[in-house]
Amino acid sequence: IDTACSSSLVAVFQACQALWTGQSKLAIAAGVNVILDPALNVFYAKAGLSAPDGRCKTFSAAADGIGRAEGAGIVVLKRPSDAIADGDSIYAVIRGGALNHDGRSNGLTQPNRWAQEQLLRRALQQSAVAPADLEYIELHGTGTLIGDPIEANALGTVLTEQGPRNQACAVGSVKTNFGHLEAAAGIAGLIKLALSVSHG
């Protein structure tokens, strides 16, 4: 599946759909990014998208671009009842999800805030989760001065639509640890989140 930076999360969503509808009893979803050609590095550098030190500084005033990275992530997915019956370790439960298209925007690093808000509302509704119940959200968070605030503001709008929150909702991005894994970025964030849930 090639949907740019969301590729591995779309693969996870498709795998979950197969489990939720009974088409599969077990699904494996993965994302891989290997940098074999310098062409994209040159493009990002010429476009001013690369951080000079090669590090993503998500949500920081020092954010100055992305740092490309290589890596792979794989998750094995089952319905909770099957995983329990099989004696599997369960790191997290995916209760639902949603997909949409970002629509028109002002460029590669400027996501469409309204499309992101719509997606968040749909994902919460499909998962039967109230915005007030969210305690942590793993964001895309590339470390760009324009993209990160757009994403954070979309999230802030959706999380406060039903009134002020009683508790803060922490946010983070695994890119500050690994860099931008591009097609594997989503699965890296999912694995981080699953491990965080598992370890409390």
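Just so it is clear, the model here is predicted, and its values are computed rather than measured.

Chemist: Report on the overall build of the protein, specifying residues and quantitative values.
Modeler: Within the protein one finds seven helices and four strands. Its helices and strands in sequence order give the protein the pattern α-β-α-β-α-α-β-α-β-α-α, from N to C terminus. Taken over C-alpha atoms, the radius of gyration comes to 17 Å for the protein, in line with the 16 Å a tight globule of 200 residues would show. Based on the C-alpha atoms only, the size of the protein along its principal axes is roughly 55 × 45 × 35 Å. By sequence separation, contacts in the protein at least 24 residues apart represent 72% of the contacts at least 6 residues apart. Summed over all atoms, the accessible surface of the protein reaches about 11500 Å², with 57% contributed by carbon and sulfur. Each charge sign in the protein was given a centre, from 15 positive and 17 negative side chains, and these centres are 3 Å apart.

Chemist: Just give me the short version of helix H5 (residues 147–159), but keep the residues and values in it.
Modeler: Taking 1.5 Å of rise per residue, 13 residues should cover 18 Å, and H5 covers 19 Å from first to last C-alpha, within 8% of that figure. Those residues of H5 lying buried are Gly-147, Asp-148, Ile-150, Glu-151, Ala-154, Leu-155, Val-158 and Leu-159. The inward-facing, buried residues of H5 abut helix H4 (113–127), strand S3 (136–138) and strand S4 (170–172).

Chemist: How would you sum up the nonpolar core? Please name residues and give values.
Modeler: The biggest cluster of nonpolar side chains holds 15 residues, and the ones touching the most others in it are Val-12, Ala-29, Val-75 and Leu-77. Broken down by secondary-structure element, the contributors of at least two residues to this core are helix H1 (7–20), strand S1 (27–33), strand S2 (71–77) and helix H7 (185–198). The dominant element in this core, judged by the number of residues it contributes, is H1, at five residues. Residues in contact with Ala-29, not counting those within four places in the same chain, are Ala-11, Val-12, Ala-15, Gly-73, Ile-74, Val-75, Leu-77 and Ile-187.

Chemist: Describe the packing of aromatic side chains, naming the residues involved and giving the relevant values.
Modeler: For the coordinates displayed, the defined rule picks out two aromatic pairs. Residues Phe-13 and Trp-20 carry aromatic rings whose centres are separated by 6.2 Å and whose planes lie at 80° to one another, so their mutual orientation is edge-to-face. On the basis of relative accessible area, Phe-13 is assigned to the buried category, the value being 14%. Taking the relative accessible area as the measure of exposure, Trp-20 reaches 34% and is therefore partly exposed.

Chemist: Explain the pattern of salt bridges residue by residue, including any values.
Modeler: Across all of its chains, the model carries 11 salt bridges by this definition. Among the ionic pairs, Asp-82 bridges to Lys-25, the shortest N-O distance being 3.8 Å. Linking Asp-82 in helix H3 (residues 80–85) with Lys-25 in the loop between H1 and S1, this pair joins segments that are 57 residues apart in sequence. Relative accessible area serves as the criterion here: at 15%, Asp-82 is assigned to the buried category. Assessed through its relative accessible area of 56%, Lys-25 is described here as exposed. With a shortest N-O distance of 3.2 Å, Arg-121 and Glu-117 are connected by a salt bridge. With Arg-121 and Glu-117 both in helix H4 and four residues apart, this pair spans about one turn of that helix.

Chemist: Account for the environment of Pro-149, with residues named and values stated.
Modeler: Take Pro-149: it is sitting in helix H5. Taking relative accessible area as the criterion, Pro-149 reaches 36% and is therefore assigned partly exposed. C-alpha separation for the pair Pro-149 and Arg-113, spaced 36 residues apart in sequence, amounts to 9.5 Å.

Chemist: I'd love a proper account of the packing of H1 against H7, names of residues and values included.
Modeler: Helix packing for two helices is described by the angle between their axes and how far apart those axes are. Contact geometry of H1 with H7 gives a least axis separation of 5 Å together with a crossing angle of 65°. Across the interface between the two elements, Ser-8, Leu-9 and Val-12 of H1 pack against Ala-185, Gly-186, Ile-187 and Leu-190 of H7. Class assignment of the residues belonging to the contact of H1 with H7 gives a composition of five nonpolar, two polar and no charged.

Chemist: Describe the packing of H4 against H5, naming the residues involved and giving the relevant values.
Modeler: At a minimum axis separation of 9 Å, H4 and H5 run at an interaxial angle of 45°. With respect to H5, the element H4 is oriented oblique. Here the hand of the crossing between H4 and H5 comes out right-handed. Taken together, the residues of H5 that come into contact with H4 (itself represented by Arg-113, Gln-116, Glu-117, Leu-120, Arg-121 and Leu-124) are Ile-150, Glu-151, Asn-153, Ala-154, Leu-155, Thr-157 and Val-158.

Reading guide: rules and limits
Residues numbered from 1 in each chain as written. Predicted model: local features only at pLDDT ≥ 70, side-chain atom pairs only at ≥ 80, totals over all residues. Heavy atoms only, no water. Helix = DSSP H or I, 4+ residues; strand = E, 2+ residues; numbered from the N terminus. Rg over C-alpha atoms; globule rule 2.2 N^0.38 Å. Contact = heavy atoms within 4.5 Å. Areas by Shrake-Rupley, 256 points an atom, 1.4 Å probe, with all protein chains shown as cover. Lys, Arg positive; Asp, Glu negative; His and termini not counted. Charge placed at Lys NZ, Arg CZ, Asp CG, Glu CD. Expected span 1.5 Å × (residues − 1). Buried < 20%, exposed > 50% of the residue type's maximum accessible area, 1.4 Å probe, protein only. Core = buried A, V, L, I, M, F, W, Y, C linked by side-chain atoms within 4.5 Å. Phe/Tyr/Trp six-rings, centres within 6.5 Å; stacked < 30°, edge-to-face > 60°. Salt bridge = Lys/Arg side-chain N within 4 Å of Asp/Glu carboxyl O. Axes fitted to C-alpha atoms, helices over the stretch in contact; angles between N-to-C directions. Nonpolar A, V, L, I, M, F, W, Y, C, P; charged D, E, K, R; others polar. Parallel < 35°, antiparallel > 145°, perpendicular 65-115°, else oblique. Left-handed = near helix turned anticlockwise from the far one by under 90°.

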